[in-house]
Amino acid sequence: MTNLTTLIAEPWADYGLVDSGHGRKLERYGRFRFIRPEPQAMWAPASDSWEADGDFIGASDEEGGGRWHLSRDVPRGGWHVRWEEVLLLAQNTPFRHLAFFPDMAPQWEWMRAQVAEGDQVLNLFGYTGVGTLALAAKGAAMTHVDASKKSVEAGKANAFLSDMADRPIRWMVDDAAKFAAREVRREKRYDGIFLDPPKFGRGPEGEVWRLEEGLPGLIADCRRLLDQDSKFLVLTVYAVRMSALAIGEVVRQALADLGGTVEVGEMAVREEARGLLLPTAIFARWSRGE
């Protein structure tokens, strides 16, 4: 069975999509407001006058190619924001991001509802570790994998900020696909897996990742790391040219023998000005169910 769903990230104290339109979006991250390009905001904004502490100017390419214009008040070394138990360092990165992805909040909430104390969960392409810490706060034993040493170090720093440095978390600087393949050979198993692969990336030893080429094999390896007692797999994709139905079928076929449910759809953030939804990504997730 496949269900179509829209997952909506609602505003919270330290984050909100204030307004959007004319190919841009205005967001608040803690006490600061920033303007970034947003090709999917094709409508008119609620207001013609935006006040912000910074503006990212550059190409529409998610891999970078632009630069931040920041006010004097924005700390170049970052500032603290909170999501539930997770305290993290937000920062203006060269890739236009702010060091975490707020639209993932509904996925974090859903996974937190699945896990129990001691569950083994694998986070591939884990970035700065907010998802890892969100599940660790609920008692999961986490394995966090990212090819970027800087991102993994940021994850460790966020664990310290969140008073979770002593939680059972393996922090791995590694190529996600190679790590998953090695775990298969080691006959490891996990209660849950979540992965947020980029369209293109390089591993720590120059390994090349291309989403369309690498995703089916990676999902197949993830299946081998799950068993009849496993609880979930969550896949999020920010590649605009791919369909939620397509990635859902990849997950459905790979995990068909486990039964359960595959849910697919879009992720979106609710705008504070009017309540409209700004789409951000597509997803597919499998769960054991009742």
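Residues numbered from 1 in each chain as written. Predicted model: local features only at pLDDT ≥ 70, side-chain atom pairs only at ≥ 80, totals over all residues. Heavy atoms only, no water.

It is worth spelling out helix α4 (residues 176-185) at this point. When α4 is considered as a whole, its buried residues turn out to be A176, F179, A180 and E183. Taken around the axis of α4, the buried residues stretch over an arc of 100°, which confines them to a single face. The inward-facing, buried residues of α4 contact β9 (120-124), β10 (141-146), β11 (169-173) and α5 (211-224). Just downstream of α4, E187 is the residue with a positive phi angle, here 60°. (Buried < 20%, exposed > 50% of the residue type's maximum accessible area, 1.4 Å probe, protein only. Helix = DSSP H or I, 4+ residues; strand = E, 2+ residues; numbered from the N terminus. Arc of directions from axis to C-beta. Contact = heavy atoms within 4.5 Å.)

Packed helix pairs are characterised by how far apart their axes lie and by the angle those axes make with each other. In the contact formed by α5 and helix α6 (residues 244-254), the axes pass within 9 Å of each other and the chain directions differ by 35°. Taken as a pair, α5 and α6 cross one another with a handedness that is right-handed. When α5 is examined against α6, the residues L215, P216, I219 and R223 are found in contact with a partner set consisting of I247, V250, V251 and A254. Across the contact of α5 with α6, the residue classes tally to 7 nonpolar, no polar and 1 charged. (Axes fitted to C-alpha atoms, helices over the stretch in contact; angles between N-to-C directions. Left-handed = near helix turned anticlockwise from the far one by under 90°. Nonpolar A, V, L, I, M, F, W, Y, C, P; charged D, E, K, R; others polar.)

Spatial strand order, β2-β3-β4-β5-β6: 5 strands in an open sheet with mixed pairing. Strand pairing shows two members of the sheet lacking a second neighbour, β2 (15-21) and β6 (66-70), which therefore form its edges. Between one strand and the next, the sheet's axes are offset by a mean angle of 20°, whatever the strand orientation. Relative to strand β3 (residues 24-29), β2 runs antiparallel, the two sharing 6 bridges. (Pairing = 2+ DSSP bridges.)

Below, the discussion takes up the pattern of salt bridges. Opposite charge on two side chains makes pairing possible when the charged atoms of those side chains draw close. As enumerated under the stated definition, the model contains 21 salt bridges in all. Where K231 meets D119, a salt bridge forms, and the shortest distance between an N and an O atom there is 2.7 Å. Taken together, the residues K231 in the loop between α5 and β15 (232-237) and D119 in the loop between α1 (105-114) and β9 connect sequence positions 112 residues apart. K231 sits in the partly exposed class, given a relative accessible area of 23%. E183 is the salt-bridge partner of R170, the closest N and O atoms lying 3.3 Å from each other. Of this pair, R170 sits in strand β11 while E183 sits in helix α4, and the two are 13 residues apart along the sequence. In this structure R170 comes out as partly exposed when scored by relative accessible area, which is 32%. What you see here is one network of salt bridges that share partners, running through R170, E183, R186 and K188. (Salt bridge = Lys/Arg side-chain N within 4 Å of Asp/Glu carboxyl O.)

Another aspect to go through is the pairing of strand β7 (residues 79-83). Where burial is concerned, the two faces of β7 differ: the one with W79, V81 and W83 is buried and the one with H80 and R82 is not. Sheet topology places β7 next to strand β8 (residues 86-90); 5 bridges connect them, and they run antiparallel. Following the sheet pairing, W83 is matched in β8 by V86. In sequence, β7 turns back onto β8 through a hairpin of 2 residues, with E84 there showing a positive phi of about 50°.

Right, let's talk about empty space enclosed by the protein for a bit. Going through the model one piece at a time under the given rule, you end up with 1 cavity of 30 Å³ or more. Looking at the largest cavity, its volume works out to about 190 Å³. Lining of the largest cavity is provided by 18 residues; of these, F101, M104, W108, G126 and D196 occupy positions nearest its centre. Of all the elements in the fold, those that place two or more residues in the lining of the largest cavity are β9, α2 (130-136), β12 (192-195) and β15. The residue inventory of the lining of the largest cavity, partitioned by class, reads 11 nonpolar, 6 polar and 1 charged. (1 Å grid on protein atoms, 1.4 Å probe; cavity = no way out; pocket = protein on both sides within 12 Å on 5 of 7 lines; lining within 4 Å. Points joined across faces, edges and corners; volume = space filled by probe spheres on them.)

Let us look at the environment of T6. Mapped onto the secondary structure, T6 falls in strand β1 (residues 2-9). Note on T6: relative accessible area 45%, which makes it partly exposed. Through-space distance from the C-alpha of T6 to that of I282 is 9.0 Å; in sequence the pair is 276 residues apart. Ignoring anything within four residues of it in the chain, the contact list for T6 reads E266, A268 and L277.

Everything listed here is a matter of geometry and, on its own, says nothing about what the molecule does.
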